Each structure stands twice: as C-alpha cells, then as structure tokens.
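What the coordinates show
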Amino acid sequence: MQNETGQNVDLYIPRKCSWTNRLVRAKDHGSVQLNVANVDPVTGLYTGESAAFCLSGYIRDKAEGDMALTALVETSDKKAAESQ
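Quick look at the structure, then.

Parameters at a glance
Residues numbered from 1 in each chain as written. Predicted model: local features only at pLDDT ≥ 70, side-chain atom pairs only at ≥ 80, totals over all residues. Heavy atoms only, no water. Core = buried A, V, L, I, M, F, W, Y, C linked by side-chain atoms within 4.5 Å. Buried < 20%, exposed > 50% of the residue type's maximum accessible area, 1.4 Å probe, protein only. Helix = DSSP H or I, 4+ residues; strand = E, 2+ residues; numbered from the N terminus. Contact = heavy atoms within 4.5 Å. Expected span 1.5 Å × (residues − 1). Arc of directions from axis to C-beta. 1 Å grid on protein atoms, 1.4 Å probe; cavity = no way out; pocket = protein on both sides within 12 Å on 5 of 7 lines; lining within 4 Å. Points joined across faces, edges and corners; volume = space filled by probe spheres on them.

1. A short note on the nonpolar core
Ranked by size, the top nonpolar core spans nine residues in total: Cys17, Val24, Ala51, Phe53, Cys54, Leu55, Ile59, Ala68 and Leu72. The greatest single-element share of this core, amounting to four residues, is contributed by strand S4 (residues 46-55). Discounting chain neighbours no more than four positions away, the residues touching Ile59 are Cys17, Trp19, Thr20, Glu64, Gly65 and Ala68.

This is the structure:
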C-alpha cells in the first residue's frame with residue numbers, strides 16, 4: 001500500500017522466489033536470499049555491484065537449489081553481456 005506521496009507504508013512486503021516466482025511466506029524458514037557479486041570480465045575484480053537471488057524452501061527441499069542458482073546466474077550474466 002502507498003500513501004499520498006507514493007511511499008510504501010506496508011509493514012511486510014513478501015519476497016518472491018527467483019526460480020519459481022512463488023511467494024516466500026514469513027514462516028518459510030528454509031528459504032534463502034543470496035547476493036552474487038558482479039565481476040569485471042577483464043580484470044576479474046569485484047565491481048562493487050551484486051545481484052540478489054531468492055530461493056524458496058520448496059526448491060531447496062527438492063534438492064534443486066544448486067541447479068536453480070546456477071541457471072539464474074547464467075541468465076543474469078547473459079543479460080549483462082548483451083547490455084554492454
């Protein structure tokens with residue numbers, strides 16, 4: 001919900017799983033949010049930016065978290081390479 005000035009005034013804004021687009025509920029204690037660093041392809045140094053990925057407990061329970069994170073990072077890298 002937003003007030004008259006356009007600021008968010010909700011007390012709780014739920015996250016969405018980056019892989020399945022499911023809402024991550026407050027009681028989902030198996031969910032994780034990972035920040036993956038952006039690295040300069042020439043120098044191999046950290047650029048100071050990162051990409052956040054959220055994985056729900058459902059994906060981690062099915063032992064697909066590693067595969068999902070790898071695929072998400074690969075698509076993020078491809079989008080970044082196309083934009084340069």
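Picking up where we left off.
2. Details of the side chain of Ser56
Note on placement: Ser56 falls in the loop between S4 and helix H1 (57-61). Judged by relative accessible area, Ser56 falls into the buried class, the value being 3%. Setting aside residues up to four positions removed in sequence, Ser56 forms contacts with Cys17, Thr20, Val24, Asp28 and Ser31.

3. Some points on helix H2 (residues 65-83)
Taking 1.5 Å per residue, 19 residues should reach 27 Å; H2 reaches 27 Å between its end C-alpha atoms and fits that length. All buried positions along H2 are accounted for by Gly65, Ala68 and Leu72. Along the axis of H2, the buried residues cluster in a sector spanning 65°; they form a single face. Counted as exposed and oriented over 90 degrees from the buried face of H2: Asp66, Lys78, Ala81 and Glu82.

4. Description of the layout of surface pockets
Each pocket or cavity is described by its volume, and for the largest pocket that value is around 300 Å³. Lining the largest pocket are 16 residues, with Asn38, Val39, Ser76, Asp77 and Ala80 positioned closest to its centre. At the level of elements, strand S3 (32-39), S4 and H2 are the ones that each hand at least two residues to the lining of the largest pocket. Per-element tally for the lining of the largest pocket: the top contributor is H2, with five residues.

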